[in-house]
Amino acid sequence: MKARRPLIAGNWKMNGFAVAGTHLAGALVGRAAEDPDIAADIVVCPPATLLAPVGEMLRGTIIALGGQDCHPEPSGAHTGDIAAEMLADLACDFVIVGHSERRADHGETDAVVRSKAEAAARAGLIAIICVGETEAQRDSGEALEVVRAQVRGSVPDGATAESVVLAYEPVWAIGTGKVAQPSDVAEMHAAIRQEIRGLIPDADALRILYGGSVKPDNAAQLLALEDVDGALVGGASLKADDFWAIAKTCG
Ligand code: 13P
(Lines give C-alpha, C1' and ligand atoms only; values in the text may rest on other atoms or scores of the structure.)
Protein backbone atom coordinates (compact mmCIF):
# COMPACT_ATOMS: atom_id res chain seq x y z
CA MET A 1 0.00 0.00 0.00
CA LYS A 2 1.16 3.56 -0.66
CA ALA A 3 2.37 5.76 2.18
CA ARG A 4 0.04 8.54 1.09
CA ARG A 5 -3.62 7.77 1.73
CA PRO A 6 -5.47 8.25 -1.55
CA LEU A 7 -8.13 10.91 -1.94
CA ILE A 8 -11.04 10.32 -4.28
CA ALA A 9 -12.87 13.57 -4.99
CA GLY A 10 -16.13 13.90 -6.89
CA ASN A 11 -16.67 17.18 -8.71
CA TRP A 12 -20.33 17.38 -9.63
CA LYS A 13 -19.71 20.66 -11.51
CA MET A 14 -22.96 22.46 -12.49
CA ASN A 15 -25.07 19.31 -12.21
CA GLY A 16 -27.75 18.23 -9.80
CA PHE A 17 -31.15 19.64 -8.95
CA ALA A 18 -32.48 19.19 -5.44
CA VAL A 19 -34.16 15.83 -5.98
CA ALA A 20 -31.48 14.14 -8.07
CA GLY A 21 -28.60 15.60 -6.05
CA THR A 22 -29.93 14.44 -2.71
CA HIS A 23 -30.77 11.07 -4.26
CA LEU A 24 -27.15 10.73 -5.38
CA ALA A 25 -25.90 11.77 -1.94
CA GLY A 26 -28.23 9.23 -0.34
CA ALA A 27 -26.87 6.47 -2.57
CA LEU A 28 -23.29 7.43 -1.62
CA VAL A 29 -24.17 7.43 2.07
CA GLY A 30 -25.49 3.90 1.58
CA ARG A 31 -22.26 2.75 -0.11
CA ALA A 32 -20.20 4.37 2.64
CA ALA A 33 -22.14 2.55 5.33
CA GLU A 34 -21.39 -0.77 3.61
CA ASP A 35 -17.69 0.05 3.21
CA PRO A 36 -16.53 1.89 6.33
CA ASP A 37 -12.95 0.61 5.93
CA ILE A 38 -12.45 1.73 2.34
CA ALA A 39 -8.78 2.62 1.83
CA ALA A 40 -9.30 6.17 0.62
CA ASP A 41 -10.46 9.54 1.84
CA ILE A 42 -13.57 10.54 -0.06
CA VAL A 43 -15.00 13.98 -0.73
CA VAL A 44 -17.88 15.17 -2.85
CA CYS A 45 -18.15 18.70 -4.20
CA PRO A 46 -21.76 19.44 -5.17
CA PRO A 47 -22.88 22.73 -6.68
CA ALA A 48 -23.27 25.52 -4.13
CA THR A 49 -27.05 25.20 -4.16
CA LEU A 50 -26.76 21.67 -2.75
CA LEU A 51 -23.99 22.13 -0.21
CA ALA A 52 -26.35 22.52 2.73
CA PRO A 53 -28.70 19.56 2.09
CA VAL A 54 -25.94 17.24 0.90
CA GLY A 55 -23.75 18.29 3.83
CA GLU A 56 -26.58 17.45 6.18
CA MET A 57 -26.81 13.97 4.67
CA LEU A 58 -23.05 13.38 4.83
CA ARG A 59 -22.75 14.45 8.46
CA GLY A 60 -21.26 11.60 10.51
CA THR A 61 -20.31 9.53 7.45
CA ILE A 62 -16.83 8.89 6.04
CA ILE A 63 -17.61 11.18 3.08
CA ALA A 64 -16.40 14.76 3.37
CA LEU A 65 -17.95 17.83 1.75
CA GLY A 66 -16.20 20.31 -0.53
CA GLY A 67 -16.97 23.46 -2.48
CA GLN A 68 -16.09 23.94 -6.15
CA ASP A 69 -14.67 27.46 -5.81
CA CYS A 70 -14.27 30.29 -3.30
CA HIS A 71 -13.59 34.02 -3.34
CA PRO A 72 -10.27 35.31 -1.99
CA GLU A 73 -11.98 37.68 0.48
CA PRO A 74 -13.72 36.55 3.68
CA SER A 75 -16.83 38.73 3.09
CA GLY A 76 -17.95 41.87 1.32
CA ALA A 77 -19.43 43.31 -1.83
CA HIS A 78 -18.83 40.41 -4.22
CA THR A 79 -22.23 39.55 -5.66
CA GLY A 80 -22.64 35.90 -6.50
CA ASP A 81 -19.41 34.80 -4.87
CA ILE A 82 -18.90 32.51 -1.89
CA ALA A 83 -16.23 33.00 0.77
CA ALA A 84 -14.09 30.11 1.96
CA GLU A 85 -15.37 30.94 5.44
CA MET A 86 -18.94 30.35 4.22
CA LEU A 87 -17.94 26.90 2.97
CA ALA A 88 -16.34 26.16 6.34
CA ASP A 89 -19.53 27.37 8.00
CA LEU A 90 -21.42 24.66 6.06
CA ALA A 91 -18.96 22.03 7.35
CA CYS A 92 -16.92 21.78 4.17
CA ASP A 93 -13.40 20.43 4.63
CA PHE A 94 -12.23 20.99 1.05
CA VAL A 95 -12.54 23.46 -1.79
CA ILE A 96 -11.48 23.04 -5.42
CA VAL A 97 -9.60 26.07 -6.75
CA GLY A 98 -8.28 26.83 -10.22
CA HIS A 99 -10.26 24.21 -12.09
CA SER A 100 -9.53 24.63 -15.81
CA GLU A 101 -13.21 25.41 -16.41
CA ARG A 102 -12.90 28.38 -14.04
CA ARG A 103 -9.54 29.38 -15.48
CA ALA A 104 -11.20 29.38 -18.94
CA ASP A 105 -14.73 30.62 -18.15
CA HIS A 106 -13.76 33.25 -15.57
CA GLY A 107 -10.24 34.18 -16.67
CA GLU A 108 -8.68 32.97 -13.44
CA THR A 109 -4.92 33.41 -13.48
CA ASP A 110 -2.39 31.59 -11.32
CA ALA A 111 -2.31 34.65 -9.04
CA VAL A 112 -6.08 34.51 -8.55
CA VAL A 113 -5.94 30.77 -7.92
CA ARG A 114 -3.18 31.29 -5.39
CA SER A 115 -5.23 33.94 -3.54
CA LYS A 116 -8.15 31.50 -3.41
CA ALA A 117 -5.89 28.79 -2.02
CA GLU A 118 -4.73 31.29 0.60
CA ALA A 119 -8.36 32.00 1.47
CA ALA A 120 -8.98 28.29 1.86
CA ALA A 121 -6.08 27.98 4.31
CA ARG A 122 -7.31 31.02 6.23
CA ALA A 123 -10.72 29.33 6.60
CA GLY A 124 -9.21 25.99 7.60
CA LEU A 125 -10.12 24.26 4.34
CA ILE A 126 -7.90 22.01 2.24
CA ALA A 127 -7.50 23.52 -1.23
CA ILE A 128 -7.54 21.12 -4.17
CA ILE A 129 -5.45 23.20 -6.58
CA CYS A 130 -6.00 22.20 -10.22
CA VAL A 131 -3.40 22.44 -12.98
CA GLY A 132 -3.21 21.03 -16.48
CA GLU A 133 -2.17 21.78 -20.03
CA THR A 134 -4.32 22.24 -23.13
CA GLU A 135 -4.11 19.91 -26.08
CA ALA A 136 -2.18 22.53 -28.10
CA GLN A 137 0.35 22.87 -25.29
CA ARG A 138 0.84 19.10 -25.13
CA ASP A 139 1.14 18.83 -28.90
CA SER A 140 3.83 21.51 -28.94
CA GLY A 141 5.83 19.78 -26.23
CA GLU A 142 5.20 22.43 -23.57
CA ALA A 143 3.04 20.40 -21.18
CA LEU A 144 5.63 19.83 -18.47
CA GLU A 145 6.79 23.43 -18.37
CA VAL A 146 3.22 24.84 -18.48
CA VAL A 147 2.11 22.69 -15.57
CA ARG A 148 5.26 23.32 -13.55
CA ALA A 149 4.70 27.07 -13.98
CA GLN A 150 1.07 26.70 -12.88
CA VAL A 151 2.23 24.87 -9.76
CA ARG A 152 4.79 27.57 -8.95
CA GLY A 153 2.23 30.30 -9.51
CA SER A 154 -0.76 28.74 -7.77
CA VAL A 155 0.60 27.19 -4.57
CA PRO A 156 0.69 29.75 -1.75
CA ASP A 157 3.62 30.45 0.56
CA GLY A 158 3.29 28.48 3.75
CA ALA A 159 1.35 25.64 2.10
CA THR A 160 1.93 22.14 3.42
CA ALA A 161 0.80 18.65 2.47
CA GLU A 162 -1.89 19.09 5.14
CA SER A 163 -3.32 22.27 3.65
CA VAL A 164 -3.22 21.59 -0.08
CA VAL A 165 -3.79 18.81 -2.58
CA LEU A 166 -2.77 19.18 -6.22
CA ALA A 167 -4.87 17.84 -9.07
CA TYR A 168 -3.37 17.32 -12.52
CA GLU A 169 -6.16 17.52 -15.06
CA PRO A 170 -5.08 17.71 -18.69
CA VAL A 171 -7.71 19.98 -20.23
CA TRP A 172 -8.09 17.78 -23.29
CA ALA A 173 -8.93 14.75 -21.13
CA ILE A 174 -11.77 16.42 -19.23
CA GLY A 175 -15.19 15.17 -20.24
CA THR A 176 -13.86 13.81 -23.52
CA GLY A 177 -13.34 10.14 -22.74
CA LYS A 178 -9.69 10.63 -23.77
CA VAL A 179 -7.47 9.52 -20.93
CA ALA A 180 -3.84 10.48 -20.72
CA GLN A 181 -1.37 7.66 -21.28
CA PRO A 182 -0.23 6.19 -17.95
CA SER A 183 3.38 6.90 -18.92
CA ASP A 184 2.53 10.59 -19.52
CA VAL A 185 0.61 10.77 -16.24
CA ALA A 186 3.54 9.20 -14.39
CA GLU A 187 5.97 11.65 -15.98
CA MET A 188 3.79 14.65 -15.15
CA HIS A 189 3.11 13.62 -11.56
CA ALA A 190 6.83 13.06 -10.98
CA ALA A 191 7.53 16.53 -12.42
CA ILE A 192 4.88 18.08 -10.16
CA ARG A 193 6.39 16.31 -7.15
CA GLN A 194 9.82 17.62 -8.09
CA GLU A 195 8.49 21.15 -8.53
CA ILE A 196 6.68 21.09 -5.21
CA ARG A 197 9.89 20.04 -3.40
CA GLY A 198 11.08 23.60 -3.80
CA LEU A 199 7.82 25.05 -2.50
CA ILE A 200 6.62 23.12 0.54
CA PRO A 201 8.51 21.41 3.36
CA ASP A 202 6.80 18.03 3.19
CA ALA A 203 6.53 17.43 -0.55
CA ASP A 204 6.71 13.66 -0.23
CA ALA A 205 3.48 13.69 1.79
CA LEU A 206 1.56 15.87 -0.70
CA ARG A 207 -1.27 14.17 -2.52
CA ILE A 208 -1.34 14.64 -6.28
CA LEU A 209 -4.61 13.58 -7.90
CA TYR A 210 -5.22 12.76 -11.56
CA GLY A 211 -8.39 13.96 -13.23
CA GLY A 212 -9.77 13.64 -16.74
CA SER A 213 -12.20 10.93 -17.83
CA VAL A 214 -11.47 8.70 -14.84
CA LYS A 215 -13.91 5.77 -14.95
CA PRO A 216 -14.18 2.46 -13.10
CA ASP A 217 -12.42 0.66 -15.96
CA ASN A 218 -9.31 2.87 -16.07
CA ALA A 219 -9.02 3.93 -12.43
CA ALA A 220 -6.98 0.97 -11.20
CA GLN A 221 -4.25 1.48 -13.78
CA LEU A 222 -3.99 5.21 -13.09
CA LEU A 223 -4.17 4.94 -9.31
CA ALA A 224 -1.43 2.30 -9.28
CA LEU A 225 1.11 4.83 -10.61
CA GLU A 226 3.65 5.83 -8.03
CA ASP A 227 2.91 9.54 -7.75
CA VAL A 228 -0.84 9.30 -8.35
CA ASP A 229 -2.47 9.67 -4.96
CA GLY A 230 -6.10 9.72 -5.93
CA ALA A 231 -8.52 11.00 -8.52
CA LEU A 232 -10.63 14.07 -9.21
CA VAL A 233 -13.68 12.62 -10.90
CA GLY A 234 -16.23 14.59 -12.93
CA GLY A 235 -18.81 12.70 -14.99
CA ALA A 236 -18.40 9.37 -13.20
CA SER A 237 -18.97 11.05 -9.82
CA LEU A 238 -22.60 11.62 -10.84
CA LYS A 239 -23.25 7.87 -10.70
CA ALA A 240 -22.96 6.42 -7.21
CA ASP A 241 -21.97 2.97 -8.48
CA ASP A 242 -19.22 4.31 -10.72
CA PHE A 243 -17.84 6.74 -8.16
CA TRP A 244 -17.75 4.06 -5.50
CA ALA A 245 -16.16 1.57 -7.87
CA ILE A 246 -13.38 4.10 -8.54
CA ALA A 247 -12.86 4.59 -4.79
CA LYS A 248 -12.85 0.82 -4.24
CA THR A 249 -9.89 0.40 -6.56
CA CYS A 250 -7.85 1.88 -3.67
CA GLY A 251 -8.71 -1.23 -1.62
P1 13P B 1 -14.45 14.19 -16.17
O2 13P B 1 -14.18 13.09 -15.17
O3 13P B 1 -15.89 14.33 -16.51
O4 13P B 1 -13.54 14.09 -17.35
O5 13P B 1 -14.08 15.57 -15.43
C6 13P B 1 -12.86 15.69 -14.81
C7 13P B 1 -12.85 16.95 -14.03
O8 13P B 1 -12.80 18.02 -14.58
C9 13P B 1 -12.95 16.85 -12.57
O10 13P B 1 -12.69 18.08 -11.96
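Caption draft 1: The arrangement of unusual backbone geometry in detail. Even without a glycine there, the phi angle at A91 is positive, about 70°. Mapped onto the elements, A91 comes out in the loop between α3 (84-89) and β4 (94-97). A positive phi angle, near 60°, is found at S213, a position not held by glycine. Residue placement: S213 occurs in the loop between β7 (208-211) and α9 (216-223).

Caption draft 2: Geometry of the sheet that holds strand β5 (residues 126-131). Taken in spatial order, the eight strands line up as β1-β2-β3-β4-β5-β6-β7-β8 and close into a barrel, and their pairing is parallel. With direction set aside, neighbouring strand axes in the sheet form an average angle of 25°. As judged from the two bridges shared by β7 and strand β8 (residues 230-233), these two strands associate in the parallel manner. The residue of β8 that forms the bridge with G211 is L232.

Caption draft 3: Here's a closer look at the environment of G234. Position of G234 among the secondary structure elements: in the loop between β8 and α10 (240-248). With a relative accessible area of 18%, G234 lands in the buried category. The spacing of G234 and S213 is 21 residues in sequence and 7.3 Å in space, taken between C-alpha atoms. Residues within four places of G234 in sequence aside, it is in contact with N11 and K13.

Caption draft 4: Local environment of the site of the ligand. The immediate surroundings of the ligand are formed by N11, K13, H99, E169, A173, I174, G175, G212, S213, L232, G234 and G235. Within the contact set of the ligand, an oxygen atom lies 2.7 Å away from a backbone nitrogen or oxygen of S213. Within the contact set of the ligand, an oxygen atom lies 2.8 Å away from a backbone nitrogen or oxygen of G235. The protein chains hide 97% of the 310 Å² of surface that the ligand would expose on its own.

Caption draft 5: Region of the structure containing α9. Within α9, burial applies to N218, A219, L222 and L223. Angular distribution of buried residues about the axis of α9 spans 125°; they occupy a single face of the element. Turned more than 90 degrees away from the buried face of α9 sit D217 and Q221, all of them exposed.

Caption draft 6: Examining the layout of surface pockets more closely. Volume-wise, the largest pocket comes out at about 570 Å³. Lining the largest pocket are 24 residues; nearest its centre among them are P47, A48, Q68, D69 and R102. For the lining of the largest pocket, the element with the most residues is helix α4 (residues 100-105), which contributes three residues.

Caption draft 7: Up close: the nonpolar core. Membership of the largest hydrophobic core comes to 67 residues, with the highest contact counts inside it found for I8, L28, I129, L166, I192 and Y210. Counting residues per element, this core draws most heavily on α10, which supplies five residues. Among all residues touching I8, those that are not within four sequence positions of it are A40, D41, I42, V43, L223, G230, A231, V233, F243, I246, A247 and C250. If you look at the next biggest cluster of nonpolar residues, it comprises 14 residues, including A9, V43, I126 and L209.

Criteria and cut-off values
Residues numbered from 1 in each chain as written. Predicted model: local features only at pLDDT ≥ 70, side-chain atom pairs only at ≥ 80, totals over all residues. Heavy atoms only, no water. Helix = DSSP H or I, 4+ residues; strand = E, 2+ residues; numbered from the N terminus. Pairing = 2+ DSSP bridges. Axes fitted to C-alpha atoms, helices over the stretch in contact; angles between N-to-C directions. Buried < 20%, exposed > 50% of the residue type's maximum accessible area, 1.4 Å probe, protein only. Contact = heavy atoms within 4.5 Å. Near = heavy atom within 4 Å. Polar contact = N/O pair within 3.5 Å; in protein donor to acceptor, adjacent residues only side chain to side chain. Areas by Shrake-Rupley, 256 points an atom, 1.4 Å probe, with all protein chains shown as cover. Arc of directions from axis to C-beta. 1 Å grid on protein atoms, 1.4 Å probe; cavity = no way out; pocket = protein on both sides within 12 Å on 5 of 7 lines; lining within 4 Å. Points joined across faces, edges and corners; volume = space filled by probe spheres on them. Core = buried A, V, L, I, M, F, W, Y, C linked by side-chain atoms within 4.5 Å.

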